[in-house]
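Architecture and fold: a report
Below are the chains, spelled out letter by letter.
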Amino acid sequence: MNSPEDAGVSDRAAANPLSPQPTGGPSPIAARSIDLKPLLSLVVPLYNEEAAIAQFFRHVIPELERIPNIRFEILCVNDGSRDHTLECLVAASQADERVRVIDLTRNFGKEAALTAAIFEARGDLVVPFDADLQDPPDMIGKLVEKWREGYDVVLARRADRGADSLLKKWTALCFYRIHNDMADVAIPENVGDFRLFTRSVCDALKTLPESCRFMKGLFAWVGYRTAVVDYARAPRSAGTSKFSGWKLWNLALEGITSFSTLPLRVWTYLGLSIAFFALGRAAWLVVRTLLYGVDVPGYASLATAVLLLGGIQLIGIGVLGEYVGRIYLESKQRPLYLVRQRYERTAPHG
Ligand code: UDP
Ligand code: MG
């Protein structure tokens with residue numbers, strides 16, 4: 001294993017990865033590479049992927065080597081795996097200096113791991129990629145080809161979600177519809193994190209200060225000239241999905257609350273409509289009492305109205321809670337992730 005010195009390691013990330021970064025002018029790496037071929041950073045978040053790693057490198061490295069006029073690095077972010085993912089990654093980085101490893105101090109979640117990768121990537125081009133080979137490695141070359149036509153972002157769109165269950169396809173469809181109806185910035189349907197973007201887009205992403213990070217939304221928010229390439233998504237090469245239904249539901253809530261305040265505003269309109277209805281009904285009750293006298297029955301309708309309004313108010317408070325909770329998290333300004341160690345073979349092989 002590399003010692004911290006020869007690996008160029010610092011024990012932790014800068015206290016806050018979102019603290020101002022040196023801007024203006026290329027990074028030393030970029031400056032050195034001015035006359036060289038562009039560097040592509042394949043950034044890979046990994047959580048308990050020991051079963052998939054060997055296949056991953058076996059398939060991805062030859063595909064990257066096949067792309068003409070490009071150098072590459074594979075930046076692996078170990079997101080607090082509890083299996084032997086780190087050991088496998090460190091071994092890979094020892095064997096090949098194009099593989100770098102960032103080991104986070106615990107499992108921060110895929111969005112945070114991707115953010116770490118965006119901060120650490122050195123490439124002129126950045127491509128987030130999953131370790132399970134669900135996205136075909138030969139697509140990376142196609143994204144690069146499209147980028148050469150002059151785009152800043154090239155999205156890989158899942159034309160065929162054959163590998164996903166019916167329930168996942170349906171819930172994904174509902175999520176995109178609801179999100180895009182509510183949010184100011186639409187996210188493209190059936191596009192995951194797999195895409196290519198340039199250094200300027202990467203730098204733009206680094207300036208976004210929020211700690212509740214819904215990457216698909218942030219990618220869409222920064223804009224830039226965008227092209228789309230379609231592909232078919234394969235089943236996982238090994239291991240199991242790290243996203244349970246509950247995790248996906250929370251990700252969907254994150255997406256909607258990060259990019260829309262409609263769920264907060266809707267209560268004003270609902271409250272107004274109910275208040276108008278109640279006023280009308282009160283007026284009608286006064287008239288009816290004057291005309292026909294006091295009418296004792298009516299407990300059932302009263303109880304129904306109380307329960308209905310109570311329920312609606314609780315939902316309203318719940319929605320407020322979602323946003324207040326996020327304000328609370330943002331206000332703490334905690335770093336998004338902490339790096340335990342970085343592994344990189346600095347000297348050329350042999
Ligand atoms: N992942 C991660 N941290 C997590 C969950 C997932 O880094 O907390 C990684 C995982 O190892 C994989 C990628 O994110 O490389 C996508 O995860 P997965 O394949 O489980 O998601 P799915 O394809 O089922 O949506
Ligand atoms: Mg997957």
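Residues numbered from 1 in each chain as written. Chains lettered and ligands numbered in written order. Predicted model: local features only at pLDDT ≥ 70, side-chain atom pairs only at ≥ 80, totals over all residues. Heavy atoms only, no water.

Turning next to the side chain of E73. With respect to the helices and strands, E73 occurs in strand β2 (residues 71-78). Judged by its relative accessible area of 5%, E73 falls in the buried class. In this structure the side chain of E73 is engaged in a polar contact, spanning 2.5 Å, whose partner is the side chain of S41. A distance of 3.1 Å separates the side chain of E73 from the backbone nitrogen of R122, its partner in a polar contact. The residues touching E73, leaving out its near neighbours within four places in the chain, are L39, L40, S41, L42, R98, R100, A121, R122 and G123. (Helix = DSSP H or I, 4+ residues; strand = E, 2+ residues; numbered from the N terminus. Buried < 20%, exposed > 50% of the residue type's maximum accessible area, 1.4 Å probe, protein only. Polar contact = N/O pair within 3.5 Å; in protein donor to acceptor, adjacent residues only side chain to side chain. Contact = heavy atoms within 4.5 Å.)

In this section: the site of ligand 1. Ligand 1 sits among 19 residues. The nearest are E49, D79, D132, S241 and K242. At 2.9 Å from an oxygen atom of ligand 1 is found a main-chain nitrogen or oxygen belonging to Y47. Between ligand 1 and D79, the relevant distance is 2.6 Å, taken from a nitrogen atom to a side-chain nitrogen or oxygen of the residue. When its residues are assigned to classes, the shell around ligand 1 shows 5 nonpolar, 4 polar and 10 charged. (Near = heavy atom within 4 Å. Nonpolar A, V, L, I, M, F, W, Y, C, P; charged D, E, K, R; others polar.)

Looking now at helix α5 (residues 138-147). Regarding α5, the residues found buried are M139, I140, G141, L143 and V144. Looking at the buried positions of α5, the neighbouring elements they touch are β1 (39-46), α2 (50-66), β5 (153-160), β6 (191-198) and β7 (226-232).

Among the 8 residues that make up β1, 8 are buried, leaving the element largely enclosed by the rest of the structure. Residues L39, S41, V43 and P45 point to one face of β1 and L40, L42, V44 and L46 to the other, with burial holding for every one of them. Examined bridge by bridge, β1 and β2 share 8 bridges and lie parallel to one another. Considered in β2, the bridge of V43 is made with L75. Handedness of the β-α-β unit built from β1, α2 and β2 comes out right-handed. (Pairing = 2+ DSSP bridges. Right-handed = clockwise from strand over helix to strand, strands pointing away.)

With their axes 10 Å apart at the nearest point, helix α7 (residues 199-206) and helix α8 (residues 215-222) run at an angle of 115 degrees to one another. The handedness of the crossing between α7 and α8 is right-handed. Here V201, A204 and L205 of α7 come into contact with α8, specifically with L218, F219 and V222. Residues of the contact of α7 with α8, tallied by class, amount to 6 nonpolar, no polar and no charged. (Axes fitted to C-alpha atoms, helices over the stretch in contact; angles between N-to-C directions. Left-handed = near helix turned anticlockwise from the far one by under 90°.)

For the rest of this paragraph, the subject is unusual backbone geometry. For N69, which is not a glycine, the phi torsion comes out positive at approximately 55 degrees. Topologically, N69 is positioned in the loop between α2 and β2. Given the relative accessible area of 51%, N69 is considered exposed. Despite not being glycine, N190 has its phi angle at roughly 60 degrees, a positive value.

To continue, consider the confidence of the model for the chain. Mean pLDDT over the chain: 81, with 86% of residues reaching 70 or higher. Every residue in residues 1-33 scores below 50 in pLDDT, and together they form 50 contacts with partners more than four places removed in sequence or on other chains. (pLDDT = per-residue confidence, 0-100.)

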